[in-house]
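Take a look at the letters that make up each chain.
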Amino acid sequence: MKASNMFAPTLREVPAEAEIVSHKLMLRAGMLRKTASGVYTYLPLAWRSIRKIEEIVRQEMDAKGGQELLMPAVQPAEIWLESGRWGVYGPELWRVKDRNGRDFCLGPTHEEMISIIFRNDMRSYKQLPQLWYQIQTKYRDERRPRFGLMRSREFIMKDLYSFDLDEAGLAKSYALMYDAYSRVFTRCGLNFRPVEADSGAIGGKGSHEFMALAESGESAILYCDTCDWAATDEIAGREPLPVTAEEMLSIEKVDTPDCGTVEDVAKFLHVPTNRIVKTMYYQADDQLVIVLVRGDRRINEIKLQGLLGCNELALAENADLEVHGQKVGYLGPVGVEGVRIVADAEVPLMFNVIVGANDGERHLLNVNYQRGDFRIDQVADLRYLEEGEQCPHCQGHLKLARGIEVGQIFKLHTKYSDSLHVVYAGEDGQEHPVVMGCYGIGIGRTLAAVVEQCNDADGIIWPMAVAPYQAVIVPVNDREPELKEAAERIYAELEADGVEVVLDDRQERAGVKFKDADLIGYPVRITVGAKALARGNVEVRLRKNGEMQEIALEGLTDWLKAYIEAEIAAGSCK
RNA sequence: CGGGAUGUAGCGCAGUUUGGUAGCGCAUCUGGUUUGGGACCAGAGGGCCGCAGGUUCGAAUCCUGUCAUCCCGACCA
């Protein structure tokens, strides 16, 4: 490709809409343009990288026995009604009508589609297992698209679905995908971590997310500084640590004026917040529920919702509580009747705690569950883990990091085979539900994550495997015919040898070309200048570390091909 | 969904308070001088001032509505 003819409109200034570095750089490098909120056009450079990522994904899926197919983006409502998700999915499901008023949606995912395809043509246990995947544009009408490709409404996704005879088969498929995903993200040059995760709206039990570590990541993850355990903060949990027994003192009621929060109470009474039990009223569907948690903990609503099995969950409105004669800030579990009380697992182990008194601006001291001072209907892990806590699996301590979710793998079990009646005939001649798994990779998000991790003040630093081009040739002065000719010769030779190379033949000063080369992030820059050329050499500069060396013209192709190969094998951009 | 902000040339912005011929930088085009890290001089082109309505002799500017975009938040008792 000659730069004079390349559609890569680089920008010197950053469009005001971009907030994070990957978005800014992809706009500036002339890779990406916005068409609507959360909807983007991939310009040629981005598309080349996208295709490389897709190709890596294809190779790794195929290596595990995956078979690629392509399903429609537009899906009829019927299949979503059949699975029951038409009603559950909410406004993020991008619903459209055809000219006859029939309901469709733009597929956010393809469990229904693939299940039905399977159901229509697969019959026997002899045909299992199957691994089917597609790379397809998908749609989620996000409440808040942001950060360019990081959270967009139209996005490219690889989804693989596994169909197995039984749980053991699923475990095998899941393990294959876990391995494939690790290989994909390693090859893409990402610094990532697989973490235990919640399976969310997709459903099913058992899931890992693959997180590219980045400050700008939207997910918080906890990982152990000693063992290799890691999980999203949404599901991370642990057994409560044993508590040293204390003598149970008698309850006292004390005035605590103007103490609306745990911090206020702790300060006022000169006690640590972990001596207090927080009492939170939740509205779970149409039921009021009390949730108890240690004062220094945060309630994890995802866990709570899982426990309660409700669709809607929100803190009760202050007004609702006042109807019950309750004052926010002074709530407690003692003496409460007629409301279900659930407690985080730490709560029943605590001694002599402080709780709201349900009586004006007062709190109770020395309340003990183990003495029967209050009732708990159900105990469960309901809180977030905090940085610095002991690891659930070893003596290590937890660290908190942020990550970009680039992939997620789920065990669906029989969730969809049950609702959509996807069965096979077993050896016993009986119908059995197919045991399914699904495995997604955000292709565009992976690209954004790479840029997010691989950049410096000058621009992008592509890992070789996903770089739009592997090298750029910069003739330093195009008035001198010998430089221009040399550059053309090198270009022709490299192209002929299969190197993905750009010749920057634009009528620009060297500085402009250098700046653009750094911004676009070609891993290798070959500078053709008079002095080196007189020695029969060119200058080669590596984008990742700025190292410069002179290489003889006759050995250039071999050197470059070896370097490219080594870099692709190495993966990382660093 | 709630809150905040912003829409003026491809990009970044000024002009809006106090209504009076739409500006600056970058980018683009022409000519010249330059030429190893975003050159300089001279000239040129490019605008439904987001859209609709209203007030006014006159609206980018005031009023009303609307659309779009971005950010923050989504309840910790």
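Residues numbered from 1 in each chain as written. Chains lettered and ligands numbered in written order. Predicted model: local features only at pLDDT ≥ 70, side-chain atom pairs only at ≥ 80, totals over all residues. Heavy atoms only, no water.

## A short note on the sheet that holds strand 4 (residues 74–76)
Phase 1 of the analysis: If you trace the three strands from one edge of the open sheet to the other, you get 4-6-5, paired in antiparallel fashion. Edge positions in the open sheet fall to strand 4 and strand 5 (94–97), since each of these has one partner strand only. Here the strands of the sheet are splayed against their neighbours by 40° on average, with no regard to which way each runs.
Phase 2 of the analysis: Looking at chain direction, strand 4 and strand 6 (residues 103–106) are connected through three bridges and run antiparallel. (Pairing = 2+ DSSP bridges. Helix = DSSP H or I, 4+ residues; strand = E, 2+ residues; numbered from the N terminus. Axes fitted to C-alpha atoms, helices over the stretch in contact; angles between N-to-C directions.)

## Structural notes on the packing of aromatic side chains
By convention here, two paired aromatic rings are described through the distance between centres and the angle between planes.
Phase 1 of the analysis: A complete count under the given rule lists 15 aromatic pairs for this structure.
Phase 2 of the analysis: Ring centres of Trp 94 and Tyr 139 lie 6.0 Å apart, and the angle between their planes is 85°; this geometry places the pair in the edge-to-face category. Here Tyr 139 lies in strand 7 (residues 130–139) and Trp 94 lies in strand 5, a separation of 45 residues in the sequence.
Phase 3 of the analysis: Accessibility expressed as a relative area gives 21% for Trp 94, which makes it partly exposed.
Phase 4 of the analysis: Taking relative accessible area as the criterion, Tyr 139 reaches 15% and is therefore assigned buried.
Phase 5 of the analysis: Aromatic pair Tyr 369 and Phe 374: ring centres 5.5 Å apart, planes at 50°, arrangement tilted.
Phase 6 of the analysis: One aromatic cluster is present, built from ring pairs that chain together Tyr 178, Tyr 181, Phe 185, Phe 192 and Phe 210.
Phase 7 of the analysis: One Lys or Arg, Arg 95, reaches over the ring of Trp 86 and ends 4.7 Å from the middle of that ring. (Phe/Tyr/Trp six-rings, centres within 6.5 Å; stacked < 30°, edge-to-face > 60°. Buried < 20%, exposed > 50% of the residue type's maximum accessible area, 1.4 Å probe, protein only. Lys NZ or Arg CZ within 6 Å of the ring centre and 35° of its normal.)

## Things to note about the sheet that holds strand 16 (residues 313–315)
Phase 1 of the analysis: Read from one edge to the other, the open sheet built from five strands follows the order 16-14-15-17-20, with strand pairing classed as mixed. Bordering the open sheet on either side are strand 16 and strand 20 (378–380), each of which pairs with just one other strand. On average, adjacent strands in this sheet sit at an angle of 30° to one another, irrespective of strand direction.
Phase 2 of the analysis: Two elements, strand 17 (residues 340–344) and strand 20, share three bridges in a ladder whose sense is parallel. Its bridge partner lying in strand 20, Ala 343 is registered against Val 379.

## Describing the nonpolar core
Phase 1 of the analysis: Core analysis: the biggest nonpolar cluster contains 68 residues, and Met 31, Tyr 181, Phe 185 and Trp 462 have the highest contact counts within it.
Phase 2 of the analysis: Counting contributing residues, this core receives three or more from each of domain 1 (54–237 + 400–447) and domain 3 (460–570).
Phase 3 of the analysis: Residue contacts for Tyr 181: discarding those within four places in its chain leaves Met 61, Lys 158, Phe 210, Gly 407, Gln 408, Ile 409, Tyr 439, Gly 440 and Ile 441.
Phase 4 of the analysis: Judged by nonpolar contacts, the second largest core, of 26 residues, contains Trp 86, Leu 93, Ile 114 and Tyr 161. (Core = buried A, V, L, I, M, F, W, Y, C linked by side-chain atoms within 4.5 Å. Domains from an automatic or database assignment. Contact = heavy atoms within 4.5 Å.)

## A word on the environment of Ala 471
Phase 1 of the analysis: Note on placement: Ala 471 falls in strand 27 (residues 471–475).
Phase 2 of the analysis: Expressed as a C-alpha distance, the spacing of Ala 471 and Arg 99, which sit 372 residues apart in the sequence, is 50 Å.
Phase 3 of the analysis: Sequence-distant contacts of Ala 471, that is, excluding residues within four places in its chain, are made with Glu 500, Val 501, Val 502, Tyr 522, Val 524, Ile 526 and Leu 560.

## Side note on the domain arrangement of chain A
Phase 1 of the analysis: Structurally, chain A comprises domain 1 (54–237 + 400–447), domain 2 (252–380) and domain 3 (460–570).
Phase 2 of the analysis: Placing a centre on the C-alpha atoms of domain 1 and another on those of domain 3 gives a separation of 40 Å.
Phase 3 of the analysis: Each partner contributes residues to the interface: domain 1 has five residues there, and domain 3 has four residues.
Phase 4 of the analysis: Both faces combined, the contact of domain 1 with domain 3 buries some 320 Å², and carbon together with sulfur accounts for 71% of it.
Phase 5 of the analysis: If you sort the residues of domain 1 by the area they bury against domain 3, Arg 187, Cys 188 and Leu 447 come out on top, with a joint share of 69%.
Phase 6 of the analysis: In this structure, the connection of domain 1 to domain 3 is made through zero salt bridges.
Phase 7 of the analysis: Counting every contact that joins domain 1 to domain 3 gives zero residue pairs in polar contact (both at pLDDT 80 or more).
Phase 8 of the analysis: Each residue belonging to the side of domain 1 that touches domain 3 can be placed in one class, and the counts come to three nonpolar, one polar and one charged. (Buried area = accessible area lost by both parts, 1.4 Å probe. Salt bridge = Lys/Arg side-chain N within 4 Å of Asp/Glu carboxyl O. Polar contact = N/O pair within 3.5 Å; in protein donor to acceptor, adjacent residues only side chain to side chain. Nonpolar A, V, L, I, M, F, W, Y, C, P; charged D, E, K, R; others polar.)

## Some remarks on the packing of helix 2 (residues 44–63) against helix 11 (residues 443–453)
Phase 1 of the analysis: As a packed pair, helix 2 and helix 11 sit with axes 10 Å apart at the nearest point and diverge in direction by 110°. By the angle class used here, helix 2 and helix 11 are roughly perpendicular. Like other packed secondary-structure pairs, helix 2 and helix 11 cross with a definite hand, here right-handed. In this structure, helix 2 contributes Ala 46, Ser 49, Ile 50, Ile 53, Glu 54 and Val 57 to the contact, and helix 11 contributes Ile 443, Gly 444, Thr 446 and Leu 447.
Phase 2 of the analysis: Looking at the contact of helix 2 with helix 11 residue by residue, the class counts come to six nonpolar, three polar and one charged. (Parallel < 35°, antiparallel > 145°, perpendicular 65-115°, else oblique. Left-handed = near helix turned anticlockwise from the far one by under 90°.)

## A few points about unusual backbone geometry
Excluding glycine, residues mostly have negative phi values, and the peptide bonds linking residues are mostly trans.
Phase 1 of the analysis: Here the amide bond leading from Leu 128 into Pro 129 is cis, since omega sits at 0°, within 30 degrees of zero.
Phase 2 of the analysis: One can find Pro 129 in the loop between helix 5 (111–121) and strand 7.
Phase 3 of the analysis: A positive phi is found at Asn 366, a non-glycine position, where the angle reads about 60°.
Phase 4 of the analysis: You can see Asn 366 is positioned in strand 19 (residues 362–367).

## Details of the side chain of Glu 54
Phase 1 of the analysis: Its place among the elements puts Glu 54 in helix 2.
Phase 2 of the analysis: Not counting the four nearest positions on each side in its chain, Glu 54 is found in contact with Trp 47, Ile 135, Ile 156 and Ile 443.

## As for the pattern of salt bridges
Phase 1 of the analysis: Taken as a whole and assessed by the stated rule, the structure comprises 43 salt bridges.
Phase 2 of the analysis: The shortest N-O distance in the salt bridge between Asp 456 and Arg 543 comes to 2.8 Å. Placement of Asp 456 in strand 25 (residues 455–456) and of Arg 543 in the loop between strand 30 (537–542) and strand 31 (548–552) is noted, with a sequence separation of 87 residues between them.
Phase 3 of the analysis: With relative accessibility at 30%, the residue Asp 456 sits in the partly exposed group.
Phase 4 of the analysis: Here Glu 550 ties to Arg 535 by a salt bridge, and the two come within 2.5 Å at their closest N and O atoms. Of this pair, Glu 550 sits in strand 31 while Arg 535 sits in the loop between helix 14 (530–534) and strand 30, and the two are 15 residues apart along the sequence.

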